[in-house]
Amino acid sequence: MIKKLHSLKGRVRFKVTGLYRCSALKTILEAVLPARKEIRSVSASILTGNVLILFDPACNIKVIATLLESVAQEYLRHPDSALARTAQGGPKEGRFWMSRLLGPSELPTWHVTDKEAVLEKVNSTASGLPENAEDKNLELFGPNRIPQAEPRSKFRLFLGQFDSLPVALLGAAAGISIVTAGLLDAVVIGAVVIINAVVGYTTESEAERAIEALRQDIQPETMILKSGKMVEVPSSEILVGDIVVLRPGTYVAADARILEAVRLFLDESILTGENMPVAKTDATLQKEDLPLGDRVNMVYKGTLVTGGQGLAVVVAVGSFTEMGRVQSLVAESRSPETPIERQLRHIGNQLVVLSAAVCFLVFLIGILRGNGILNMLKTSISLAVAAVPEGLPAVATTTLALGIRRMKERKVLIRNLEAVSTLGSIQTICFDKTGTVTANRMAVTRIYSGIERIEVVGAQFQSEHGFLPDDSRAAVGKLIEIGILCNESQITGNHDTFVLEGTPTENALMSLAIVYGIDIADVRSNFPLIATNYRSDDRQFMTTTHQDDNATLVAVKGSPLDVLGMCNFRLQNETRIPLTDEDRTIIESENDSMAGDALRVLGMAYASQQNSDGDVNFTWLGLVGMEDPVRPGARESIEAFHAAGLDTIMLTGDQSPTAYAVGRQLGLNRDRPLEIVDSTHLSQVDPEVLKALSKRVHVFARVSPSNKLQIVQALQSAGKVVAMTGDGINDGPALKAADVGVAMGRSGTDVAREVADVMLEEDDLETMIVAIRDGRAIYDNIRKTLHYLLSTNFSEIEVMFAAGALGMGYPLNTMQLLWINLVSDIFPGLALALDPSEPDVMQRPPRDPHQPIVERSDFKRIGLESALMTISSLSAYGYGLLRYGYGPFARTIAFQSLTVAQILHALSCRSEARTIFDSKPSPPNPYLQAAIATSLGLQIVIQFIPGLRSLLGLAPLALSDWVVVGGASVIPLLISEASKKA
């Protein structure tokens, strides 16, 4: 599209496709580009197709190139668009279209613009984007979608198989064969290259499909204002000018200027790297040149609301958001390398150097012993190709991709490729109580109102008297009414077939009202909602304000002790009476009793008027205890985590007694005293103290979203690899910050699923065990495949080097080396990637994430195994030399011995500890059995088909020769297996 011709400081010239003799594009470029403050002037020539741009030297040339290409592409794609018509109107329209193409957040600088001016510039109002402005804003600013990089085409994917050092070496070998009149050898080498490419293309295509599936974003819903009313719309449909509602756990869908903020905090670490939530304001800032982290009246796409509430008007969508610009600059369509792939690439580079050195020695020894230069050059190159496992990074990608597919079959969905390998190194699991270890089916089972404890059994309300006294009905009825009003659940249908949409806690309050016989719609119509004030980090309760005739009604629900502390009165019958210290003591005792029975307890209160001084006189109504039973098998899952060496920490918003009771039921303490911390003032704790606490605490109670984030980060600073599981909007920040965020797929909210790396379709910890087990198995399989490739390929180098050094000639010719590489590497190597997990995989401690994939002890083992195959093959070769002399018979015995030994060696690579002699061997792997059978079958075929036998330079063997081949092939396997127990 564009090509940079030359550049100086503050000056660059580009060649632009389509500019030649195109006056319209010239006009557009010269009108639109200078609207960007970094660009000082633009001069376009329709005679040469060149564009000269003078710009601020502090600006990166890549940014200038991106801007130029954006404008040119827009015109060339849509030559009759509004861009072509209006950009000719001069600087004003140029600025407008630069805003359209490059993001309105640059023009103007929104954080220094008054709220009213912002609304005017984006054609919006405080009650929402007018309907008549929606189409206009969609046309001007575009949809809220970030274009995804195009995946590699099948053709490019196939061509990519030839872009490697081994293929280049094979090409050199083929060229030498043609020069030495070995045309048939060149054809065979070419065929080997094609076969390798087809196999590589097939496996990499599967990996690309799996990786592409990970890119499918889950689009959460976003709450916006339309004509002053809140409605939910898909985030992809957000437009510039929409007024978004910010609530705890909200995923910010676009860049926006804050209009209202009440104790509003956001986690912006995805953009700024700052871990702690940032306090936001709606005030206009004075300084224009501020970094993103200091623009406290702005919110940005991809960030999360951790507390408070607010309203903001969208000023940038899609690729014009700060997040979109970052992604748009990434031109590479392939996923970034995982740490495992980087390690394997590093190992591969080292092997190339080592193999080159050894092959050079083989070449020198051959020359010194009188072999032809060209023949030895071809042999050395072929040996180098056989010695280097060219697909090491592909091994990781393929194994990860196949593992992802298997995990999906087990109801575990992976959204992040790197998360697969990280699962195997998790050391600590933090999990939210509600919906994770409990059934997330809240039901009110106890009420304490007035001075009565009331048990709720089905539709029955029973006090200690056996019935609900008349003097308690008024207080209970008022308590239930407040539970209806201070509640965002929506109800559809009638009392017989009603459907509730809301959180389990609020749904339970609504169900209580239905059972009690209160008309929910009637209550809500009598007390219209005026405002909602959500729970925040410093307010452990929620309030709603309602119109009550000529006064206002404030409804409160939340932490019992916090709500009780606000109250000066209580309701007795229908009369408000002062709340005494004795009353408070009794209520606190009852709260402890209910929480000790593992009930989630809420305090309820109300105020019917507001004093002129702003104080609110709240009246205490009572306690509501809800039961959310622990899931069947949850304790067994915790025990399985402990057996796997994982620490478990429960995070819950419940009070300490409730959390303590549930923690004891789950056995979090492993027969030690259960350590629990109340998180009310956790934000004030020194980070070093919190880091020390996180190592020994089993339960954190009364946590807020920012507390969860604090705890996860404290564990990470203590050197732990942390997984966080959750399902609610308040889990979002912690899920995103964790090394592996795990969302419950069935009951999980859109926000939780959006930020998580892993989703469990089944909402229980048992599926998490499956995910960790498969993560460990996948990592093991990468190690198994790598171990197999290194040990077998080393044996080929050692055979050729040792035979040449000992004056035994060279037992393998070029064709045989290529055949070994083709048959022994491909099928058994891929089959090992599909090996089932070993029985003790969940009895091992987590692996150290800093541990290299191939350790020093591994190289010792690999050296031993390759030496066994080398000695055995050379012994068989020596037998052939003694019986037949130097020639095709001896080489055939060596070739068959080494190849079959390598194929059988795959059996030994299945486990580092288990052997084929064990009474309980590793679980069967039908793929490996088929791979070994196929490879051995091919070895037999080439021996008995004259054409193939001649091509590879083989001779027919006698039965006694096959006995030697069999012994030389099996003995390395037997010794290798026996040495595991040594």
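Residues numbered from 1 in each chain as written. Predicted model: local features only at pLDDT ≥ 70, side-chain atom pairs only at ≥ 80, totals over all residues. Heavy atoms only, no water.

### Things to note about the overall build of the protein chain
Across its full length, the protein chain holds 33 helices and 31 strands. Taken across its 982 residues, the protein chain has 54% of its residues classed as buried. In the structure as shown, the protein chain presents an accessible area of about 41300 Å², 55% of it carried by carbon and sulfur atoms. (Helix = DSSP H or I, 4+ residues; strand = E, 2+ residues; numbered from the N terminus. Buried < 20%, exposed > 50% of the residue type's maximum accessible area, 1.4 Å probe, protein only. Areas by Shrake-Rupley, 256 points an atom, 1.4 Å probe, with all protein chains shown as cover.)

### A word on the sheet that holds strand β28 (residues 699-701)
Strands sit in the order β12-β31-β30-β29-β13-β26-β28-β27 across an open sheet of eight strands; the sheet is mixed. Edge positions in the open sheet fall to β12 (412-414) and β27 (676-678), since each of these has one partner strand only. When strand polarity is set aside, the average angle formed by the axes of neighbouring strands in this sheet is 20°. As defined by bridge partners, strand β13 (residues 428-432) adjoins strand β26 (residues 647-651) across five bridges and the pair is classed as parallel. Pairing of D432 across the sheet is with L651, part of β26. In the packing of helix α24 (residues 705-717) onto the sheet, the strands contacted are β13, β26, β28 and β29 (722-726), and the crossing angle to β29 comes to about 160°. (Pairing = 2+ DSSP bridges. Axes fitted to C-alpha atoms, helices over the stretch in contact; angles between N-to-C directions. Contact = heavy atoms within 4.5 Å.)

### Description of the packing of aromatic side chains
Taken as a whole and judged by the stated rule, the model has three aromatic pairs. Look at Y884 and F889: their rings are 4.8 Å apart centre to centre, the planes differ by 20°, and that puts the pair in the stacked class. According to the relative accessible area criterion, F889 is partly exposed, its value standing at 30%. Between F944 and W962, the ring centres sit 6.4 Å apart and the planes meet at 15°, which makes this aromatic pair stacked. Taken together, the positions of F944 in helix α31 (residues 926-944) and W962 in helix α33 (residues 959-979) put the pair 18 residues apart, joining distant regions of the chain. Residue classification places W962 among the partly exposed positions, given a relative accessible area of 26%. Its end group placed over the ring of F569, R576 keeps NZ or CZ at 4.2 Å from the ring centre. (Phe/Tyr/Trp six-rings, centres within 6.5 Å; stacked < 30°, edge-to-face > 60°. Lys NZ or Arg CZ within 6 Å of the ring centre and 35° of its normal.)

### Re the sheet that holds strand β1 (residues 2-8)
Strand pairing in a sheet relies on backbone hydrogen bonds, with the paired strands running either antiparallel or parallel. The sheet built from four strands is open, its strands ordered β1-β2-β4-β3 with antiparallel pairing. The open sheet has two edge strands, β1 and β3 (39-44), and neither has a second partner. Recorded for the sheet is a direction-independent mean angle of 20° between the axes of neighbouring strands. Relative to strand β4 (residues 50-55), strand β2 (residues 11-16) runs antiparallel, the two sharing five bridges.

### Quick word on the confidence of the model for the protein chain
One rule of thumb: low pLDDT means the predicted coordinates there are not for detailed reading. When pLDDT is averaged along the protein chain, the result is 81, and 82% of the positions lie at 70 or above. Overall, residues 85-96 carries pLDDT values under 50, and its contacts beyond four positions in sequence, including any with other chains, amount to 15 contacts. Contacts of residues 102-107 to residues separated by more than four positions or lying in other chains number 28 contacts, the stretch itself having pLDDT below 50. (pLDDT = per-residue confidence, 0-100.)

### Considerations on the side chain of N707
Relative to the helices and strands, N707 is located in helix α24. Look at N707 and you get buried, because its relative accessible area is 5%.

### Regarding the pairing of β29
In summary, the side chains of a regular strand alternate between the two faces of the sheet. Of all the five residues making up β29, five are buried; the element is thus mostly covered by neighbouring parts of the structure. Judged by which residues are buried, β29 turns out to be covered on both faces: V722, M724 and G726 on one side and A723 and T725 on the other are all buried. Bridging between β13 and β29 involves four bridges; their strand directions are parallel. In the strand pairing of β29, T428 is matched with V722.

### Regarding the nonpolar core
If you look at the biggest cluster of nonpolar residues, it comprises 53 residues, and the most contacted ones within it are I426, I429, F641, M650, L666 and M768. Other than its neighbours up to four places away in sequence, M768 contacts I426, I429, F641, A723, T725, V742 and L760. Among the nonpolar cores identified, the runner-up in size contains 38 residues, and A803, W819, I820 and L832 belong to it. (Core = buried A, V, L, I, M, F, W, Y, C linked by side-chain atoms within 4.5 Å.)

### Re unusual backbone geometry
At N123, a residue that is not glycine, the phi angle is positive and equals roughly 60°. Inspection of the secondary structure puts N123 in the loop between α5 (115-121) and α6 (131-141). Note on N123: relative accessible area 25%, which makes it partly exposed. The backbone of A598 sits at a positive phi, close to 65°, despite the residue not being glycine. Relative to the helices and strands, A598 resides in the loop between α20 (581-596) and β24 (600-607).

### Things to note about the pattern of salt bridges
With the rule as written, the count across this model stands at 33 salt bridges. The salt bridge partner of K26 is E30, with a shortest N-O separation of 2.9 Å. Here E30 and K26 lie together in helix α1 (residues 23-32), a separation of four residues that amounts to about one turn. A residue is classified by how much of its surface remains accessible, and K26, at 25% relative accessible area, is partly exposed. Residue class for E30 comes out partly exposed when judged on its relative accessible area of 28%. Put simply, R844 and D840 hold a salt bridge, and the shortest N to O gap is 3.5 Å. Overall, R844 belongs to the partly exposed group, its relative accessible area being 26%. (Salt bridge = Lys/Arg side-chain N within 4 Å of Asp/Glu carboxyl O.)

### A look at the environment of I586
Summarising the element assignment, I586 is placed in helix α20. Taking relative accessible area as the criterion, I586 reaches 38% and is therefore assigned partly exposed. Separated by 135 residues in sequence, I586 and I451 have C-alpha atoms that sit 8.7 Å apart.

### Structural notes on the packing of helix α21 (residues 634-643) against helix α22 (residues 656-666)
Their axes nearest at 8 Å, the elements α21 and α22 cross at an angle of 70°. In terms of their interaxial angle, α21 and α22 are classed as roughly perpendicular. On α22, the residues touching A634, R635 and I638 of α21 are R664, Q665 and L666. Its residues assigned to classes, the contact of α21 with α22 comprises three nonpolar, one polar and two charged. (Parallel < 35°, antiparallel > 145°, perpendicular 65-115°, else oblique. Nonpolar A, V, L, I, M, F, W, Y, C, P; charged D, E, K, R; others polar.)

### A few points about the pairing of strand β22 (residues 567-572)
Sheet topology places β22 next to strand β25 (residues 618-627); three bridges connect them, and they run parallel. By the bridge assignment for β25, F569 is matched with T619. Strand direction decides the pairing type here: β22 and strand β23 (residues 575-578), joined by four bridges, are antiparallel. If you follow R570 over to β23, its bridge partner there is I577. As consecutive antiparallel partners, β22 and β23 are separated by two residues, and within that stretch N573 has a phi angle of approximately 55°, a positive value.

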